[in-house]
Amino acid sequence: MTIDSFHRRALLAGAGAFSAASLVPARRVFAQAAERLRVVQPWALRSLKLSTSGSGLSRPGITEGLVAVEPDGQIAPALAESWSASADGLTWRFKLRAAAIFHDGSPVTAATVKASFDRLLPSALYLKSAGIVSVSAEPGEVVFKLGTPFGSFLDYLVDYSTHVLAPASFDSAGEVSQIVATGPYRIVEADLPRGLVLARFDKYWGPKPAFASASVDAVVNGETRANIAAAGDADIVINVPTPSLSRLQSAGTARIERVIIPRVHILMVNCAKPQFSDVRTRRALNLAVDRAGIAASIMRNAALAATQYLPPPLAKWHFADLTPHKRDLAAANRLLDEAGWATGPDGIRVKDGVKFAGNLKTFANRPELPVIATALQSQLKAVGFDLSVSVGEWQAITDAKRDGSLDLALNSRNVAIVPDPISSLALDFTTDNATSLDTGATSWSHDGLRQDVAAYLATNDETLRAPLRRRIVGVLHDELPVMPIVWYDQLVTVANRIGEVPIDPFEQRYLLERIRTKA
Amino acid sequence: MDAVKALWDVAAPRLWQALITGWLLATLCFAFTHALPGDVALRVAAARIGDDRVTAEAADRIRQEEGLGLPVLDQYGAWMMRLVKGDLGRSLVSGKPVLAEIIDHGRYTLMLGTIGWLLSYLLALPIGFWAGWWPGGAVDRLSMGLAVVLASLPTFLVGIGLISAFALTLHWLPPAGFRTGAHMILPALTLALGLAAYSVRIVRNAVVEVRQAFYLTYARIRGHSATGAFRHHGIRNAAIPIVTFAALQFAYLVDGFVIVETLFNYPGLGDLLVRSLLARDVPVVVGAALLIGWTYAFINLAADLTCLKLDPRRSVRDAA
């Protein structure tokens, strides 16, 4: 054997061994415990502050409020087992559960709940709008006094930024330093912003979770989430992109659950511009949109065509008697002719030297939006509207709205940031200097709507509230300050080993405590 | 003493260069992030509380609290003043000190980078050596072909290919994440293949060049065997271009991290940079740029010093 040939053989063996080592099915070596429920979500947990990251703590069931919203939209008891409101609507009493205790073993008392609200209310996201004057502790009860009646108080009380924390959660400066809450899971390891490892809280007042431990990992990229689901590397993957559907179905590692959530993809128009100031032009554009086509071909779910602004899960706000928005080109052209927009030689309408045209801003964080934008481009052309599309960051819409340069925008709105959509409706359609920055009407106001929204918020008498809801929705349906294009459905993948998974369209809770493995 | 002086002669200008390069890089990043269109406070607010929940009120509060309404030059001045005191500031999004954020994410990147880099040389050294020892042979031609293919493929495509094969088809490895050692393999391999595509050719050429050098022929004439001559006289000479190149590849790594970490949802510096840029978290972007610049300069310095040590001619000169 020559030295040269020896080296050749040694090198070959080395290279072979290395290649084999790199391909070892390490998954089995590093396999995770089967009793852990692995959840993958799109949201990263930035901090443990309830005012900024509270949703990341309430969704996996770490923190709880006095009340919670059920998947059907009903407000249900949580830490409070019952409640009552005074006849004038100014005093709300909540009876606490005697069995509830904090994760550190200390009891949940009226005094600790009051102390938690005292600390967290000043930085509350939504509950601040309820006009709470005082919170007091009485034996077994927490009492809220309001300055003026606030009809949607229970819905606002779901606010995760005021979920109840134990005194041990706060440092000497009153800041949250750790999360000691009451939910069915407690934090074992908080590896921010990557994820959380949770353990079952064995002394939870409600039904005990089946899984002794759970992990919640943040994976921002939608395709990566789809890969994780396809590889069977998570039990529940929240919000996988629609284009991955067929790939996931053929992978066979998980089933796909779809549920319509209170989110609407909307076409916004600047009503200060001559192309959109006349309601007839807005109605014409609305009639030119082929929602059924967009829903079926882009969203892959024909049920998502937004025939009215608010989607079916908001049952009290969704009305069967409204004429559904649908495509009618003849009616659209008739309206535009009436409004004085004449068709030019290039097929584009013109009025008083103004072209029936505009630039639409949208963004790619939601991958379907640019595709919908190009569909709209061709659909609106059919009525002589020349639409150009710019895809950028979503904030560009806000910037353009602020400086008045906005023509149109394709945006996405979560209409139930508070379970009662009155919160987003009030922000989007009844404020001059929009506090909700980029999803509401632009240079449009309606006195009747403003009065109805104020009246709705001021009463908790359902006999008064029901007709007000119909009137509010009716104005938006006829006036079209924004046009609903499609609703949105949440795609959740569930691994084959997992049984039934309740999906909360309000995105407040994953309800992990109700999840079991298949029998 | 001479050795220390020689070391200092190499190191001193590099240290100055590193300081100035770092400062320039950070200043440019500061200028660019501020020159991007749109309201910084609004983007920070969105990153803190979510796109759906951001309000003008929240943006205004952040503008007030973080001094984002001040003229850009004042903000730059304040940042420089803090930097001189060794303080990189706090993240606008998480509120954590920038240095803590960078260390937190940097340890993941360091681990991934080290494994990827080592893996690339585990591949490149034996294959490159073999190809260089028998130039024109089957291994040389095959490795050349593979190197061209891998070098011309963008990193994300290599990553997607590996995910498709090992995670989605064979189900051997997880496609993304960071919790276990198994999660490291695919991202490290993606980096390694990209690096090895270049280094295998450098190793091969270095070996070919040294094997043809007159001093090796002379060693053979003196009666050394081919391998003995190479071991005694060739390896150190061949190592010089390889070490220089290995250091240069760090730049590729920084580039590669951004893509690989995003693709594999790996929580390293690249992931932090992308997120911070999207959220306009200026202190983190600038701090990370500064530290990456300095690390790059430091690695170049280390490579220069290694070459100084390896270069027999320099050693002889120093000894004389």
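Residues numbered from 1 in each chain as written. Chains lettered and ligands numbered in written order. Predicted model: local features only at pLDDT ≥ 70, side-chain atom pairs only at ≥ 80, totals over all residues. Heavy atoms only, no water.

Student: What is the right way to look at the overall build of chain A in this model?
Tutor: Check the secondary structure of chain A and you find 15 helices and 19 strands. Each principal axis of the C-alpha distribution contributes one length, and for chain A these read about 90 × 85 × 45 Å. Sequence separation of at least 24 residues holds for 70% of the intrachain contacts in chain A that already meet a minimum separation of 6. Of the roughly 19700 Å² that chain A leaves accessible, carbon and sulfur atoms contribute 55%. Of the side chains in chain A, 55 bear a positive and 52 a negative charge, and the two mean positions are spaced by 4 Å. (Helix = DSSP H or I, 4+ residues; strand = E, 2+ residues; numbered from the N terminus. Contact = heavy atoms within 4.5 Å. Areas by Shrake-Rupley, 256 points an atom, 1.4 Å probe, with all protein chains shown as cover. Lys, Arg positive; Asp, Glu negative; His and termini not counted. Charge placed at Lys NZ, Arg CZ, Asp CG, Glu CD.)

Student: What am I meant to see in the domain arrangement of chain A here?
Tutor: The accessible area lost on association of the parts is a frequent measure of interface size. All names here are of chain A. Per the domain assignment, the segments making up chain A are domain 1 (3–62 + 183–253 + 496–514), domain 2 (67–169) and domain 3 (260–489). Taken together, the contacts link eight residues of domain 1 with 13 residues of domain 3. Contact between domain 1 and domain 3 buries roughly 810 Å² in total, counting both sides, with carbon and sulfur atoms accounting for 57%. Among the residues domain 1 hides against domain 3, the three largest losses belong to T242, P505 and F506. Together they make up 55% of the total. Between domain 1 and domain 3 we count zero salt bridges in total. In terms of residue class, the side of domain 1 that touches domain 3 is built from four nonpolar, three polar and one charged. (Domains from an automatic or database assignment. Buried area = accessible area lost by both parts, 1.4 Å probe. Salt bridge = Lys/Arg side-chain N within 4 Å of Asp/Glu carboxyl O. Nonpolar A, V, L, I, M, F, W, Y, C, P; charged D, E, K, R; others polar.)

Student: Honestly, the pattern of salt bridges in this entry has me stumped. Any pointers?
Tutor: Oppositely charged side chains can pair when the atoms bearing their charge come close. Residues and elements named next belong to chain A. Applying the stated criterion across every chain yields a total of 38 salt bridges over all chains. Salt-bridge contacts for E141 lead to R93; the nearest nitrogen and oxygen are separated by 3.0 Å. Remark: R93 occurs in strand β5 (residues 91–96) and E141 occurs in strand β7 (residues 141–146); sequence separation between them is 48 residues. For R93, a relative accessible area of 27% translates into the label partly exposed. A salt bridge links R465 to D420, with the nearest nitrogen and oxygen atoms 3.4 Å apart. Placement of R465 in helix α15 (residues 462–479) and of D420 in the loop between β18 (408–414) and α13 (422–429) is noted, with a sequence separation of 45 residues between them. The same class applies to R465 and to D420, which are both buried. (Buried < 20%, exposed > 50% of the residue type's maximum accessible area, 1.4 Å probe, protein only.)

Student: Just to check I follow, could you spell out the nonpolar core for this structure?
Tutor: Note on soluble globular proteins: their nonpolar side chains tend to be buried together. All names here are of chain A. The biggest cluster of nonpolar side chains holds 125 residues, and the ones touching the most others in it are L66, F94, F117, L127, F144 and F153. The biggest single contributor to this core is strand β12 (residues 254–269), with seven residues. Residues lining this core come from more than one domain, with at least three contributed by each of domain 2 (67–169) and domain 3 (260–489). Ignoring anything within four residues of it in the chain, the contact list for L127 reads F117, L121, I132, F153, Y156, L157, D159 and T162. A181, I187, A214 and I503 belong to the second-largest nonpolar core, a separate cluster that totals 31 residues. (Core = buried A, V, L, I, M, F, W, Y, C linked by side-chain atoms within 4.5 Å.)

Student: Can you walk me through empty space enclosed by the protein in this structure?
Tutor: Residue and element names in this part refer to chain A. Scanning the entire structure with this criterion turns up six cavities of 30 Å³ or more. Space inside the largest cavity adds up to approximately 180 Å³. Mapped by element, the contributors of at least two residues to the lining of the largest cavity are β1 (36–41) and β10 (213–218). Of the residues in the lining of the largest cavity, the class split is eight nonpolar, five polar and five charged. Here the second largest cavity defines a volume of roughly 140 Å³. Lining the second largest cavity are 13 residues; nearest its centre among them are I238, I503, D504, R509 and Y510. (1 Å grid on protein atoms, 1.4 Å probe; cavity = no way out; pocket = protein on both sides within 12 Å on 5 of 7 lines; lining within 4 Å. Points joined across faces, edges and corners; volume = space filled by probe spheres on them.)

Student: How do you make sense of the pairing of β12(A) when you look at a structure like this?
Tutor: In the case of a regular strand, side chains alternate between the two sheet surfaces. Residues and elements named next belong to chain A. In the sheet, β12 pairs with strand β19 (residues 482–495) via 13 bridges, with the strands oriented antiparallel. Residue L267 lies in a different strand from β19, and its bridge partner there is M483. As defined by bridge partners, β12 adjoins β18 across seven bridges and the pair is classed as antiparallel. Residue pairing in the sheet places I266 in a bridge with N411 of β18. (Pairing = 2+ DSSP bridges.)

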